[in-house]
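Structural description and commentary
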Amino acid sequence: MEVYFDNSATTRCYEAVKDIVVKTMMEDFGNPSAMHRKGVEAENYVKQAAQTLAKILKVNEKEILFTSGGTESNNLALIGGTMANKRSGNHIITTSVEHAAVGQPAAFLQEQGFEVTFLPVDERGVVKLEALKEALRPDTILVSTMYVNNEVGAVMPVEEIAALVHEKSPKALYHVDAIQGFGKYRIYPKKSGIDLMSVSAHKIHGPKGVGFLYISEKAKVQPLILGGGQQGGMRSGTDNVPGIAGLGVAAEMIYSDFDEKIGHLYALKERMAAGLETMEDVVINGMPLREGAPQILSVSFLGIRSEVLLHTLEDKGIYISAGSACSSHKRKASGTLTSMGLSAGQKESTVRISFSEENTFEEVDYCLEVLKETVPMLRRYARR
């Protein structure tokens, strides 16, 4: 039996996504900038995807900017947003638990002379609002937080953050990295006070290498990629029509029967947690199950290194991750788990189990069966 529980790293494409990607590669393959019929056909796919996303978010189509994915969207939001507004101030705020695609641009901006404040989080992984209140200043020009933490599934109080930002630092843009949140929550940027928002297709059963940045029509952002002037000059380069078309289909599909899908994710998570809680020296990290994101479960199997457990499960056809997939090659200590105050032993033994709508209770039960069989054995080896 093969069980894929690493859906926060990437998801399998929907069949309909695969079909439209193939169609736009093999049949409707024109360049959307071309003026002939083939070009117009290709451009229509891009327009359709923008319409779909705008409808889901209740925003205007022109506020959707297609990118190569979450990392580019985050870089454009932070660097482009800061550079466009540097005359208004020199101060940026983010958190200590952001993905590297936000943390690294923030560090880059620090090197360029901007002042960056990294906010602490509580033991659940949620940003401390009091620290944000203290950090906000008249010269703050950008605040960036995630919607859902990619390692532990902590959900940030986005609307409260937005209200504080706009009240205390009216010149500041509020950016939300919604890469783990889009498709799991109904997000309405205008209602929530979000100025910039990053999304990636491959987290919602779309293709890899494509995403978008929502840019409020009131927000000023400086382009980072210059050239042919595509997308109103905000991001030059021939549009990735197959990727964009696939993203549009994936977004439409993930938000259909939405409540049913989210209910299924929580049911999978709760069944897994209930089974894990019967095991010795197993700790579930982060927020209470129903308060955290529906798809992510962070678990510490005390006394077992996460990589050892990961490869043991892999041998049984079960795929999970040791922390966040994007940082697992480096295996530095997790910034999120450190910020939450976990001990060194707990951090070393933490894995992430992440679900999708395609997972089943049978898969959860098989995983629990394997864990109950292998964890005591691994602990015996570790003690030798």
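Attention in this report is confined to the structure presented alongside it. Being a predicted model, the structure only gives us computed values, none of them experimental. (Residues numbered from 1 in each chain as written. Predicted model: local features only at pLDDT ≥ 70, side-chain atom pairs only at ≥ 80, totals over all residues. Heavy atoms only, no water.)

1. Let's talk about the pairing of strand 6 (residues 173-177)
Of all the five residues making up strand 6, five are buried; the element is thus mostly covered by neighbouring parts of the structure. Burial along strand 6 is two-sided: the residues Leu173, His175 and Asp177 and Tyr174 and Val176 are all buried. What joins strand 5 (residues 140-146) to strand 6 is helix 6 (residues 158-168), and the crossover it makes is right-handed. Here strand 6 runs beside strand 7 (residues 196-200); their pairing, made up of three bridges, is parallel. Among the inter-strand pairings, Val176 is bridged to a residue of strand 7, identified as Met197. (Buried < 20%, exposed > 50% of the residue type's maximum accessible area, 1.4 Å probe, protein only. Helix = DSSP H or I, 4+ residues; strand = E, 2+ residues; numbered from the N terminus. Right-handed = clockwise from strand over helix to strand, strands pointing away. Pairing = 2+ DSSP bridges.)

2. Quick notes on the nonpolar core
One recurring pattern in soluble globular proteins: nonpolar side chains tend to sit buried together. By size, the foremost hydrophobic cluster in this structure holds 99 residues, and its most contacted members are Phe5, Phe66, Phe182, Phe212, Met272, Leu276 and Phe301. Apart from residues no more than four positions distant in its own chain, Phe5 is found in contact with Met272, Ile318, Tyr319, Ile320, Arg352, Ile353, Ser354, Phe355, Asn359, Glu363, Val364 and Cys367. Counting 20 residues, the second largest nonpolar core, distinct from the first, contains Ile79, Ala106, Val116 and Val221. (Core = buried A, V, L, I, M, F, W, Y, C linked by side-chain atoms within 4.5 Å. Contact = heavy atoms within 4.5 Å.)

3. Regarding the sheet that holds strand 4 (residues 115-119)
The seven strands lie next to each other as 2-8-7-6-5-3-4, forming an open sheet whose pairing is mixed. Each of the sheet's edge strands pairs with one partner strand only, and the pair in question is strand 2 (64-67) and strand 4. Averaged over all neighbouring strand pairs, the angle between strand axes comes to 20°, with direction disregarded. Relative to strand 4, strand 3 (residues 91-95) runs parallel, the two being bridged by five bridges. Looking at the pairing, Ile93 lines up with Thr117 of strand 4. In the packing of helix 3 (residues 70-84) onto the sheet, the strands contacted are strand 2, strand 3, strand 5, strand 6, strand 7 and strand 8 (211-215), and the crossing angle to strand 7 comes to about 165°. Across the sheet, helix 6 is in contact with strand 5 and strand 6; its angle to strand 6 comes to roughly 160°. (Axes fitted to C-alpha atoms, helices over the stretch in contact; angles between N-to-C directions.)

4. A closer look at helix 2 (residues 37-57)
Taking 1.5 Å as the rise per residue, helix 2 with 21 residues should run 30 Å; its terminal C-alpha atoms sit 30 Å apart, in good agreement. Among the residues of helix 2, Gly39, Ala42, Tyr45, Val46, Ala49, Ala50, Thr52, Leu53, Ala54, Ile56 and Leu57 are the ones counted as buried. Tucked inside the fold, the buried residues of helix 2 contact helix 1 (15-26), strand 2, helix 7 (189-192), strand 7, strand 8 and helix 8 (241-254). Backbone geometry just after helix 2 places Lys58 at a positive phi near 60°. (Expected span 1.5 Å × (residues − 1).)

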